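The residues making up each chain are set out below.
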Amino acid sequence: MAKKNEESINMIDTFKEFKDTKNIDRTTLVSVLEESFRSVLAKIFGSDEAFTVIVNPDKGDFEIYHNRIVVENGAVQDENKEITLDKAREISPDYSIGEEVSEMVDFSKFGRRAILNLRQTLASKILELEHDSLYSKYKDKVGQVVSAEVYQIWKREVLLLDEEENELIMPRSEQIPGERFHKSDMVRAVVHRVDNENNNPKIILSRTSPVFLERLLEAEVPEIADGIITIKRVARMPGERAKIAVESYDERIDPVGACVGVKGSRVHGIVRELRNENIDVINYTSNTKLFIERALSPAKVSSISVDEENKKAEVFLKPEQVSLAIGRSGLNIKLASILTGYTIDVFRELAEDEIDEEDIYLDEFADEIDQWVIDAIKAIGFDRAKQVLNAPREMLIEKADLEEETVDNLLNVLKAEFEK
């Protein structure tokens with residue numbers, strides 16, 4: 001008797017364990033519970049057709065009825081669907097042949113294996129539903145900013161929990177360089193993507209995505225939320241610098257001023273959120289040359305030559321403006337290229353007394369400069385010494401993929417030639 005009571009208690013616990021499952025609506029939960037019971041009944045009896053399952057999640061209970069037709073004694077052909085008259089009258093003396101008998105079934109009588117089978121079936125179906133629900137919830141949130149609590153910190157990623165304790169992942173590559181998190185920190189990030197391999201959703205957050213900066217700006221600038229100002233392009237070097245191109249649909253509103261705010265009031269909070277990432281806001285224009293010129297701010301451009309087919313631009317500046325266009329570690333020109341979609345080459349304007357000087361082909365320096373270095377420079381479009389000397393040092397290093405020492409040696413050899 002004690003064993004039976006124990007099994008009955010297990011059945012009630014089994015049911016209640018899944019009654020308050022998160023993220024699953026009542027109708028779906030009832031359907032899953034009923035389906036799970038029927039799955040176990042089908043395994044025991046070969047079919048669940050003769051059973052009625054009633055699930056009541058509000059009360060935390062369930063009822064199972066075995067439905068059979070009363071037949072004459074000795075005439076039973078399918079015990080799952082038929083019952084003899086004598087056995088039917090043991091349940092109630094009023095039954096007669098042809099009537100349907102609905103007998104309540106004590107599920108616990110089917111034994112521990114049936115109960116274990118039910119628990120496993122329920123667990124599997126509930127987990128599948130939770131995964132489906134989580135995937136649907138966050139698939140619709142891709143591109144939105146969410147807040148989550150830091151739960152665990154690993155070398156390659158951070159595990160966070162949302163308000164419903166769903167697990168969210170922020171890989172190291174999606175964290176702003178230099179960021180340090182601690183357990184229980186509240187972190188804001190954009191939902192970058194949702195992977196769903198083998199129906200096991202993995203929600204990836206990002207603080208380095210340009211979309212994160214867009215959403216932060218939208219939250220700070222009412223004119224963007226109202227559709228008066230549009231963010232056209234965003235380029236970021238997370239934690240260092242960003243450039244944003246904006247456009248106003250109301251000529252009375254200055255989009256740059258509106259986004260920056262009085263004394264930078266609207267971007268100050270964003271800068272702090274992004275670990276002091278400098279933010280440049282410029283006016284967008286469909287005029288390619290003007291857009292590139294604005295993108296290279298704070299440098300002042302003298303002239304621009306654009307190859308629209310190959311998305312390339314050659315920019316000429318006064319000597320003192322070249323370093324501003326390039327920026328520290330080439331940051332400014334990189335962001336300008338990302339923002340405009342053009343490969344930008346910067347050249348120093350020649351002074352009048354330099355224009356008449358005779359130039360020299362690089363191949364003539366083969367006895368002083370390794371041929372592979374000359375070939376690397378020629379591969380980026382420079383075949384004469386003056387062209388190389390007028391090009392920014394950082395550009396030579398990056399585009400020709402040469403070591404700093406190699407480029408410095410090259411420049412010294414070329415300079416020495418013209419100083420003779």
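For clarity, every value in this text was computed on a predicted model and none was experimentally measured.

(A) Expanded view of the nonpolar core. Judged by nonpolar contacts, the single largest core of 25 residues is most densely connected at Ile292, Leu296, Val315, Leu317, Leu339, Ile344 and Val346. Elements that contribute at least two residues to this core include exactly helix H9 (288-295), strand S14 (312-317), helix H10 (319-326), helix H11 (331-340) and strand S15 (343-348). With five residues, H11 is the largest single contributor of residues to this core. The contact partners of Ile344, leaving out residues within four places of it in the chain, are Ile292, Leu296, Ala313, Val315, Ile333, Ala336, Ser337 and Lys399. Grouped together as the second largest cluster of nonpolar side chains are 24 residues, Val373, Ala385, Leu389 and Val407 included.

(B) Expanded view of the pattern of salt bridges. In total, this model carries 24 salt bridges according to the counting rule given. With a shortest N-O distance of 3.2 Å, Asp48 and Arg38 are connected by a salt bridge. Note that Asp48 is positioned in the loop between helix H2 (26-45) and strand S1 (51-56) and Arg38 in helix H2, a separation of 10 residues in sequence. The exposure class assigned to Asp48 is partly exposed, which follows from its relative accessible area of 22%. The salt bridge partner of Arg275 is Glu179, with a shortest N-O separation of 3.9 Å. Separated by 96 residues along the polypeptide, Arg275 in the loop between helix H8 (265-273) and strand S12 (278-283) and Glu179 in the loop between strand S7 (167-171) and strand S8 (186-195) bring together distant segments of the chain. For Arg275, a relative accessible area of 39% gives the class partly exposed. Glu179 gets classed as buried once you look at its relative accessible area, which sits at 2%.

(C) Expanded view of the packing of aromatic side chains. With the rule as written, the count across this model stands at five aromatic pairs. Arranged with centres 4.6 Å apart and planes meeting at 35°, the rings of Phe37 and Phe62 form a pair that is tilted. Placement of the pair is Phe37 in helix H2 and Phe62 in strand S2 (residues 61-71), with a sequence separation of 25 residues. Judged by its relative accessible area of 1%, Phe37 falls in the buried class.

(D) Region of interest: the packing of H2 against helix H4 (residues 112-139). At a minimum axis separation of 9 Å, H2 and H4 run at an interaxial angle of 145°. Read as a crossing pair, H2 and H4 show a hand that is right-handed. Listed contacts from H4 to Thr28, Leu29, Val32, Leu33, Glu35, Ser36, Phe37, Ser39, Val40, Lys43 and Ile44 of H2 are Ala114, Asn117, Leu118, Thr121, Leu122, Lys125, Ile126 and Leu129. Grouping the constituent residues of the contact of H2 with H4 by class yields 11 nonpolar, five polar and three charged.

(E) Examining the side chain of His131 more closely. Tracing the backbone through its elements, the reader meets His131 in helix H4. Among the polar contacts listed, one links the side chain of His131 to the backbone oxygen of Asn199, at a separation of 2.8 Å. Residues within four places of His131 in sequence aside, it is in contact with Asn199, Asn200 and Pro201.

Quick notes on the rules
- Residues numbered from 1 in each chain as written.
- Predicted model: local features only at pLDDT ≥ 70, side-chain atom pairs only at ≥ 80, totals over all residues.
- Heavy atoms only, no water.
- Core = buried A, V, L, I, M, F, W, Y, C linked by side-chain atoms within 4.5 Å.
- Buried < 20%, exposed > 50% of the residue type's maximum accessible area, 1.4 Å probe, protein only.
- Helix = DSSP H or I, 4+ residues; strand = E, 2+ residues; numbered from the N terminus.
- Contact = heavy atoms within 4.5 Å.
- Salt bridge = Lys/Arg side-chain N within 4 Å of Asp/Glu carboxyl O.
- Phe/Tyr/Trp six-rings, centres within 6.5 Å; stacked < 30°, edge-to-face > 60°.
- Axes fitted to C-alpha atoms, helices over the stretch in contact; angles between N-to-C directions.
- Left-handed = near helix turned anticlockwise from the far one by under 90°.
- Nonpolar A, V, L, I, M, F, W, Y, C, P; charged D, E, K, R; others polar.
- Polar contact = N/O pair within 3.5 Å; in protein donor to acceptor, adjacent residues only side chain to side chain.

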